[in-house]
Amino acid sequence: MDSKKLEILVTAVDLGSFTKASEVVGYTQSGLTHLVDSLEREIGLTLVRRDRRGISLTREGEALMPSIREFLRAHARLENRIADVTAHRAETIRIAAYASLAMHWMPEILYRFRRVCPDIVVDLRMVDHALEPFELLEKWQTDVIFGAKQSGFACDWTPLCDDRMYAILPPDYPAAGDSFPIEEFAGREFLMPYGRFDVDVTAAFDRHGVKPVIRPCRVDDETVIRMVSKGLGVTMMAEMMLRGRTEGVKVLPIAPRTCRELGMGLQLRDDQPESIRQLRRCVLEFIQKR
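All of the points below concern the structure found in this document.

Definitions and limits used
- Residues numbered from 1 in each chain as written.
- Predicted model: local features only at pLDDT ≥ 70, side-chain atom pairs only at ≥ 80, totals over all residues.
- Heavy atoms only, no water.
- Core = buried A, V, L, I, M, F, W, Y, C linked by side-chain atoms within 4.5 Å.
- Buried < 20%, exposed > 50% of the residue type's maximum accessible area, 1.4 Å probe, protein only.
- Helix = DSSP H or I, 4+ residues; strand = E, 2+ residues; numbered from the N terminus.
- Contact = heavy atoms within 4.5 Å.
- Phe/Tyr/Trp six-rings, centres within 6.5 Å; stacked < 30°, edge-to-face > 60°.
- Lys NZ or Arg CZ within 6 Å of the ring centre and 35° of its normal.
- Salt bridge = Lys/Arg side-chain N within 4 Å of Asp/Glu carboxyl O.
- Axes fitted to C-alpha atoms, helices over the stretch in contact; angles between N-to-C directions.
- Parallel < 35°, antiparallel > 145°, perpendicular 65-115°, else oblique.
- Left-handed = near helix turned anticlockwise from the far one by under 90°.
- Nonpolar A, V, L, I, M, F, W, Y, C, P; charged D, E, K, R; others polar.
- Arc of directions from axis to C-beta.
- Polar contact = N/O pair within 3.5 Å; in protein donor to acceptor, adjacent residues only side chain to side chain.
- Pairing = 2+ DSSP bridges.

Moving on, we come to the nonpolar core. Residues Trp105, Val144, Phe146 and Leu279 are the most contacted members of the largest nonpolar core, which totals 38 residues. Listing elements by their share of this core, those giving two or more residues are strand S3 (92-97), helix H5 (99-104), helix H6 (106-116), helix H7 (132-138), strand S5 (144-148), strand S6 (156-169), strand S12 (259-266) and helix H11 (274-288). In this structure tryptophan 105 touches Phe146, Leu160, Cys161, Met240, Leu262, Phe286, Ile287 and Arg290, once residues within four positions along its chain are discounted. Membership of the second largest hydrophobic core comes to 29 residues, among which are Leu169, Phe205, Met236 and Leu242.

What follows deals with the packing of aromatic side chains. Under the defined criterion, the tally for this structure stands at eight aromatic pairs. Taking the centre distance of 5.5 Å and the plane angle of 70 degrees together, the rings of phenylalanine 185 and phenylalanine 205 count as edge-to-face. Of the two residues, phenylalanine 185 is situated in the loop between strand S7 (180-181) and strand S8 (189-192) and phenylalanine 205 in helix H8 (residues 198-208); the sequence distance between them amounts to 20 residues. Phenylalanine 185 gets classed as buried once you look at its relative accessible area, which sits at 0%. A ring pair is formed by phenylalanine 190 and phenylalanine 205, whose centres lie 5.1 Å apart and whose planes are at 80 degrees; its orientation type is edge-to-face. On the criterion of sequence distance, the pair formed by phenylalanine 190 in strand S8 and phenylalanine 205 in helix H8 is long-range, its members being 15 residues apart. For the pair phenylalanine 190 and phenylalanine 205, one class covers both residues: buried. Within the aromatic cluster, the residues linked to one another by ring pairs are Tyr173, Phe180, Phe185, Phe190 and Phe205. Geometry around tryptophan 140 places arginine 77 over its ring, the cationic atom sitting 5.3 Å from the centre.

Inspection of the secondary structure puts glutamate 132 in helix H7. Look at glutamate 132 and you get buried, because its relative accessible area is 11%. Aside from chain neighbours lying at most four places away, what touches glutamate 132 is Arg125 and Val127.

Considering all chains together, one arrives at 17 salt bridges under this definition. Arginine 277 is paired through a salt bridge with glutamate 274; the nearest N and O atoms lie 2.8 Å apart. Placement of the pair is arginine 277 and glutamate 274 together in helix H11, with a separation of three residues, close to one helical turn. Taking relative accessible area as the criterion, arginine 277 reaches 36% and is therefore assigned partly exposed.

Mapping cysteine 259 onto the fold places it in strand S12. For cysteine 259, the contacting residues outside a window of four places in its chain are Asp162, Asp163, Arg164 and Met165.

Contact geometry of helix H1 (residues 3-15) with helix H2 (residues 18-25) gives a least axis separation of 8 Å together with a crossing angle of 125 degrees. Judged by the inter-axis angle, H1 sits oblique to H2. For the pair H1 and H2, the crossing hand works out as right-handed. Together, Thr11, Ala12 and Leu15 of H1 and Phe18, Lys20, Ala21, Val24 and Val25 of H2 make up the contact between the two elements. Classifying every residue of the contact of H1 with H2 by side-chain character gives six nonpolar, one polar and one charged.

Turning our attention to H2. Among the residues of H2, those classed as buried are Phe18, Ala21 and Ser22. Buried positions in H2, seen along its axis, are confined to an arc of 105 degrees and lie on one side of it. For H2, the secondary structure elements touched by its buried residues are H1, helix H3 (29-43), strand S1 (48-51) and strand S2 (54-57). If you check the start of H2, you find a side-chain oxygen 3.1 Å away from the backbone N of threonine 19, and it comes from serine 17. Backbone geometry just after H2 places glycine 26 at a positive phi near 85 degrees.

Mapped onto the elements of the fold, glutamine 272 is located in the loop between S12 and H11. The residues touching glutamine 272, leaving out its near neighbours within four places in the chain, are Asp156, Leu266, Gln267 and Arg277.

Take the pairing of S3 next. Most of S3 sits inside the fold, with five of its six residues counted as buried. Taken together, the six bridges between S3 and strand S4 (residues 121-126) define a ladder with parallel strand orientation. When the sheet's bridge partners are listed, alanine 96 is paired in S4 with arginine 125. Direction of pairing for S3 relative to S5: parallel, over a ladder of three bridges. Opposite alanine 96, over in S5, you have isoleucine 145 as the bridge partner.

Below, the structure written as structure tokens:
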């Protein structure tokens, strides 16, 4: 059975849409649909139902999904083990991190780590969306992640700090104080961050019942900030995403205080390698001295 088809099926089901899944896996929507149809023919069962709201699992799909996820985790572990054995490579720690954390945290953390574990190879990658580190960890395709805590994913999680959320406003915005009431976003044109980094923003709005006029932006954070500077809307970002990018805009902390929890995630296992434990110690030392 083709594991790639199963991975695509799981991605589509988790996102609830072939359209959203196609953006993540790099296939066209029609190509992705064809692969899932091919998988259903191969299995001999209809796994997903389609309607105007997206896709959902059939009864047969729900019955098979736990086994499919376990198969993919086992397949990923096998591939990793094969690569280790055939390459006879030195121990490698694979790290996946948000771009902002890779930029502002990882150089110092890796400097500290190299001093205590000079023979360990570190493979650092930046991810494309907020959920990707957790998905990679779940599939055993990375060993360590740095990101914002997300519900629905199980891992060995170490909280590191609260990353405060800020309103990004045009320079001439008539702000009344030194903070920005989150309710003031209601009804305003809001440039939504791309790459599933909307999850923290959406959660904040939902907690307070705020409904801005969402304008999705398929551009990077810096471009969104520049758009705000030209009066094309307002947005909300975490402090880590804003560092060094606030020229030409007004930046105010959200009131009431709103944060996302940044942390370090590891695979759920009882026998964490000594190198991983050393890395965690380096991370905690770095955080304490920030």
